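Notes for the structure review
Each chain, written out:
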Amino acid sequence: MLFFVIFKKYIRYLKKEFLGRLTIMTLAVVILGVIGMILFERGKNDNIDSIGDTIWWTFVTITTVGYGDIFPVTTGGRIVGIIIMIFGIGFLGMFTATIASIFVERKLNKDRGLRALKNMKDHFILCGWNYCAPDVISEIHTDNGKKDIVIIANLEEKPIDENFVEFIKGDPSDINKLEMACFRDASVAIVLKDESTTSNIGDGQAILTVLAIKREQPKIYVIVQISDENNVVHCNRAGADEIIVTGGLTSKLLSQAAMDHGVTKVVSEILSNKYGNELYKIKCPSKYHGKAFKAILADFKNDYDGIILGVEKDGNLVTNPKGDVVVGSNDYLIVVTESRPEE
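The rules behind these values
- Residues numbered from 1 in each chain as written.
- Predicted model: local features only at pLDDT ≥ 70, side-chain atom pairs only at ≥ 80, totals over all residues.
- Heavy atoms only, no water.
- Phe/Tyr/Trp six-rings, centres within 6.5 Å; stacked < 30°, edge-to-face > 60°.
- Helix = DSSP H or I, 4+ residues; strand = E, 2+ residues; numbered from the N terminus.
- Buried < 20%, exposed > 50% of the residue type's maximum accessible area, 1.4 Å probe, protein only.
- Lys NZ or Arg CZ within 6 Å of the ring centre and 35° of its normal.
- Pairing = 2+ DSSP bridges.
- Axes fitted to C-alpha atoms, helices over the stretch in contact; angles between N-to-C directions.
- Contact = heavy atoms within 4.5 Å.
- Parallel < 35°, antiparallel > 145°, perpendicular 65-115°, else oblique.
- Nonpolar A, V, L, I, M, F, W, Y, C, P; charged D, E, K, R; others polar.

Overview of the packing of aromatic side chains
- Within this structure, the stated rule accounts for one aromatic pair.
- Summarising the aromatic geometry, the rings of phenylalanine 300 and tyrosine 304 are spaced 4.9 Å apart at their centres and angled 40 degrees between planes, so their arrangement reads as tilted. Placement of both phenylalanine 300 and tyrosine 304 in helix 11 (residues 293-304) is noted, with a separation of four residues, approximately one turn of the helix. For the residue pair phenylalanine 300 and tyrosine 304, the accessibility class agrees, reading buried in each case.
- Just above the ring of tyrosine 332 sits the side chain of lysine 281; from NZ or CZ to the centre is 4.9 Å.

What follows is the structure in structure tokens.
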């Protein structure tokens, strides 16, 4: 199967006019060398006993290796050798250089975001680029180092050089660019606000991107970043699953720090995957099914050395629920632990 795929790609390359002609001319030189050596040298040269010997001599001559184990002894054979040396080396050099240029072009197109991606599944799409994008990528890879991330942004080239990060150049609200990023098979889309514009314009572009994604693929979990809290209602109408209001979040943290000094350090630690304890949403472990919330608090501390902050039931999140709330098999727990808990 792998050989078939490689062969298919090679044939596609050959369809390019220049490379096709080079291939034909290179093969013609090889055939000329084989036939010439058979006609002039076979039976007169002790080093040539078979067609395989002539093929070996032709390739050794064209590639300028020159082992010297086989060489022409007749005048006709030497003339053929001269022709092979003059034309064969040139055609083969041009052929290999053209093949190399194709791969270089493919790499450049990939870095410039001009090549559509293939066979990507369960990846994250980062729509847009601003000051927080590098940190978003870093945090995701800290928690899951092999998670594929595709950036779609109006940039000239790939903005960050990291493994498992791909780039598509263009407007993230453009369905064609989304298709190039295999968005239908993505699991999460993170829509970032354009910081180079005013608040409402940047929020409007982000909402349009959410709308474009959700209209074509409603199953993708879409997180959107906006600046104005008044635009939350528009994000909800567009179908956003989660909304981060950067302006409102910053003001809340500032006011909280003013009233309760140092509390933002706790928030920073649990939100970062790089150090300290982390914040996770996990499926409720089977051993806690049917138990009251207050009963599993101590058990969770003993089992995972962590704390439970809240419970999500049917998509509704309750922080610090009542002690008699019973958790079930379809519920999720919001927890703080040093590493993601595994049942």
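A short note on the sheet that holds strand 10 (residues 332-337)
- Taken in spatial order, the four strands line up as 7-10-8-9 in an open sheet, and their pairing is antiparallel. One side of each edge strand has no neighbouring strand; the edge strands of this open sheet are strand 7 (278-283) and strand 9 (316-319). On average, adjacent strands in this sheet sit at an angle of 25 degrees to one another, irrespective of strand direction.
- Strand direction decides the pairing type here: strand 7 and strand 10, joined by six bridges, are antiparallel. Counterpart to isoleucine 282 in the pairing with strand 10 is leucine 333.
- Strands in contact with helix 11 are strand 7, strand 8 (307-313) and strand 10; relative to strand 8, the strand with the most contacts, it is inclined by about 125 degrees.

Examining the sheet that holds strand 5 (residues 221-226)
- On the basis of which strands lie adjacent, the open sheet formed by six strands has the order 3-2-1-4-5-6 and parallel pairing. Pairing within the sheet leaves two strands with one partner each, and these edge strands are strand 3 (165-169) and strand 6 (242-245). If you compare each strand with its neighbour and ignore which way they point, the axes differ by 15 degrees on average.
- Bridge analysis of strand 1 (residues 124-127) against strand 4 (residues 188-191) gives four bridges, and the strand direction is parallel. Residue leucine 126 lies in a different strand from strand 4, and its bridge partner there is isoleucine 190.
- Sitting on the sheet, helix 9 (residues 246-259) is in contact with strand 5 and strand 6, with an inclination near 60 degrees to strand 6.

Here's the deal with the packing of helix 9 against helix 10 (residues 263-271)
- Running from N to C, helix 9 and helix 10 point in directions that differ by 135 degrees, and their axes come no closer than 8 Å. Here helix 9 lies oblique to helix 10, going by the angle between them. Contacts between helix 9 and helix 10 involve Leu253, Gln256 and Ala257 from the first element and Val263, Thr264 and Val267 from the second.
- Residues belonging to the contact of helix 9 with helix 10 are distributed by class as follows: four nonpolar, two polar and no charged.

Examining the environment of tyrosine 332
- With respect to the helices and strands, tyrosine 332 occurs in strand 10.
- Under the relative-accessibility criterion, tyrosine 332 is labelled partly exposed at 29%.
- For the pair tyrosine 332 and alanine 97, spaced 235 residues apart in the sequence, the C-alpha separation amounts to 57 Å.
- Discounting chain neighbours no more than four positions away, the residues touching tyrosine 332 are Lys281, Ile282, Lys283, Cys284, Gly310, Val311 and Glu312.

Quick notes on unusual backbone geometry
- A positive phi angle, near 55 degrees, is found at aspartate 122, a position not held by glycine.
- The backbone of phenylalanine 164 shows a phi angle near 65 degrees, a positive value even though the residue is not glycine.
- By the element assignment, phenylalanine 164 lies in the loop between strand 2 (149-153) and strand 3.
- Phenylalanine 164 gets classed as partly exposed once you look at its relative accessible area, which sits at 36%.

Some points on the environment of asparagine 231
- Along the chain, asparagine 231 turns up in the loop between strand 5 and helix 8 (232-238).
- Linking asparagine 231 and glycine 204, residues 27 residues apart in sequence, is a C-alpha distance of 8.4 Å.
- Other than its neighbours up to four places away in sequence, asparagine 231 contacts Asn200, Asp203, Ile207 and Ile226.

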